[in-house]
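This is what each chain is made of:
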Amino acid sequence: MLRFSLYRMVVLLCVAIMLYTVYRWCRILFEPGPEPDGRQFQHTCNMTEHYRHELERLFERVHRLLEQHGLTHFLCYGTLWGQIRMAKMLPWREKAEFCVLNEELMRHEEARFIRNFYASELRIHYLHSEGIYRIFAQESPAQHAPPYVELVVFQLDEVQGMYKRIGWKRRLLPPNCDWTPSLDCFPHNLLQGTLPKRPLGHRHHYTVPMGGIELQKYHYPDSWWKEVKVRNCNLQ
């Protein structure tokens, strides 16, 4: 009969943790995930004008709240592409992004920060694995996929002089930017000085990083120069 001692149980637990860690590394490093806008070049403009206007209104509300908290926030990912290419939200996107800085968020009590969103009739929750706050309007119209805004959190690594994505799944990986592309690193000098503002949507201007498209060269290193192919779109 197999007898389980405390020693054997500890060994089995350690082996299980090691196997799970290796499994997570393999998934993050090698499995293809959903491609952010700009990394695949075939889009269908299936979002209505009404949807895009709702997204723009939600984006402006989030912007005003972040300004009230004195938090640096700037266009990034697909939203920055929209500003660069069209000066408005891309017509195939269901969300918009601000990038924010973890060192500034840490100065605020999280519970109070979240309460202020709810007081403004916005729903917000934090995705710990991704290091993202996701925000919806409480009064979203009845639809299967309401628009939403993401706050993507970056942390400054002073040794490397780079900003890096946070989130617990990235803490399992090597912290070097060259070894771990999922950290979405970019140099700190893109946020130095007085950041410019650029138009996005109807009569609104938002902060963008220095150099305009320079940030996209880091987040989309294999495709930032390519033209996006679209169908069923009127991009005029």
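In the block above lies the structure referred to throughout.
Below is a summary of the structure that appears in this document. (Residues numbered from 1 in each chain as written. Predicted model: local features only at pLDDT ≥ 70, side-chain atom pairs only at ≥ 80, totals over all residues. Heavy atoms only, no water.)

### Some details on the overall build of the chain
1) Next: A tally of helices and strands in the chain yields 7 helices and 11 strands.
2) Next: Relative to its 236 residues, the chain shows a buried fraction of 42%.
3) Next: Of the roughly 13,900 Å² that the chain leaves accessible, carbon and sulfur atoms contribute 55%. (Helix = DSSP H or I, 4+ residues; strand = E, 2+ residues; numbered from the N terminus. Buried < 20%, exposed > 50% of the residue type's maximum accessible area, 1.4 Å probe, protein only. Areas by Shrake-Rupley, 256 points an atom, 1.4 Å probe, with all protein chains shown as cover.)

### What to know about the pairing of strand β4 (residues 122-127)
1) Next: Taken together, the 6 bridges between β4 and strand β5 (residues 132-137) define a ladder with antiparallel strand orientation. What sits directly across from tyrosine 126, in β5, is tyrosine 133.
2) Next: Following β4, the chain reverses through 4 residues before pairing antiparallel with β5; glycine 131 in that reversal takes a positive phi of roughly 65°. (Pairing = 2+ DSSP bridges.)

### Notes on the state of the cysteines
1) Next: For the coordinates displayed, the defined rule picks out 2 disulfides.
2) Next: The disulfide bridge from cysteine 76 ends at cysteine 99, spanning 2.1 Å between sulfur atoms. Judged by the torsion about the S-S bond (100°), the cysteine 76/cysteine 99 disulfide is right-handed. Within this pair, whereas cysteine 76 is found in the loop between β2 (73-75) and α3 (77-85), its partner cysteine 99 is found in strand β3 (residues 95-101), the two being separated by 23 residues in sequence.
3) Next: Residue class for cysteine 99 comes out buried when judged on its relative accessible area of 0%.
4) Next: Disulfide partner of cysteine 177: cysteine 185, at an S-S distance of 2.1 Å. With the S-S bond torsion at -85°, the cross-link from cysteine 177 to cysteine 185 turns out left-handed. Here cysteine 177 matches cysteine 185 in class, with each residue buried. (Disulfide = S-S within 2.5 Å.)

### Focus on α3
1) Next: Across the 9 residues of α3, 7 count as buried, placing the element largely inside the fold.
2) Next: For α3, the set of buried residues is Tyr77, Gly78, Thr79, Leu80, Trp81, Gly82 and Gln83.
3) Next: The first or second residue beyond α3 is alanine 87, which carries a positive phi of 60°.

### Some points on the nonpolar core
1) Next: Grouped together as the largest cluster of nonpolar side chains are 49 residues, with contacts concentrated most on Phe59, Val62, Leu66, Phe98, Phe113, Phe117 and Leu151.
2) Next: Elements with a minimum of two residues in this core: α2 (49-68), β2, α3, β3, α5 (110-119), β4, β5 and β6 (148-157).
3) Next: Among the elements that take part in this core, α2 stands out by supplying 6 residues, more than any other.
4) Next: The contacts of valine 62, once residues within four sequence positions are left out, are Phe98, Phe117, Leu122, Ile135, Val149 and Leu151. (Core = buried A, V, L, I, M, F, W, Y, C linked by side-chain atoms within 4.5 Å. Contact = heavy atoms within 4.5 Å.)

### A look at the pattern of salt bridges
1) Next: Summed over the entire model, instances satisfying the criterion amount to 15 salt bridges.
2) Next: Glutamate 49 is paired through a salt bridge with arginine 52; the nearest N and O atoms lie 2.5 Å apart. In this pair, glutamate 49 and arginine 52 both sit in helix α2, 3 residues apart, roughly one turn of the helix.
3) Next: With a relative accessible area of 43%, glutamate 49 lands in the partly exposed category.
4) Next: Given a relative accessible area of 7%, arginine 52 falls into the buried group.
5) Next: A salt bridge links lysine 164 to aspartate 157, with the shortest nitrogen-to-oxygen separation between them at 2.9 Å.
6) Next: For lysine 164, a relative accessible area of 11% puts it in the buried group.
7) Next: You can call aspartate 157 buried: its relative accessible area is 16%. (Salt bridge = Lys/Arg side-chain N within 4 Å of Asp/Glu carboxyl O.)

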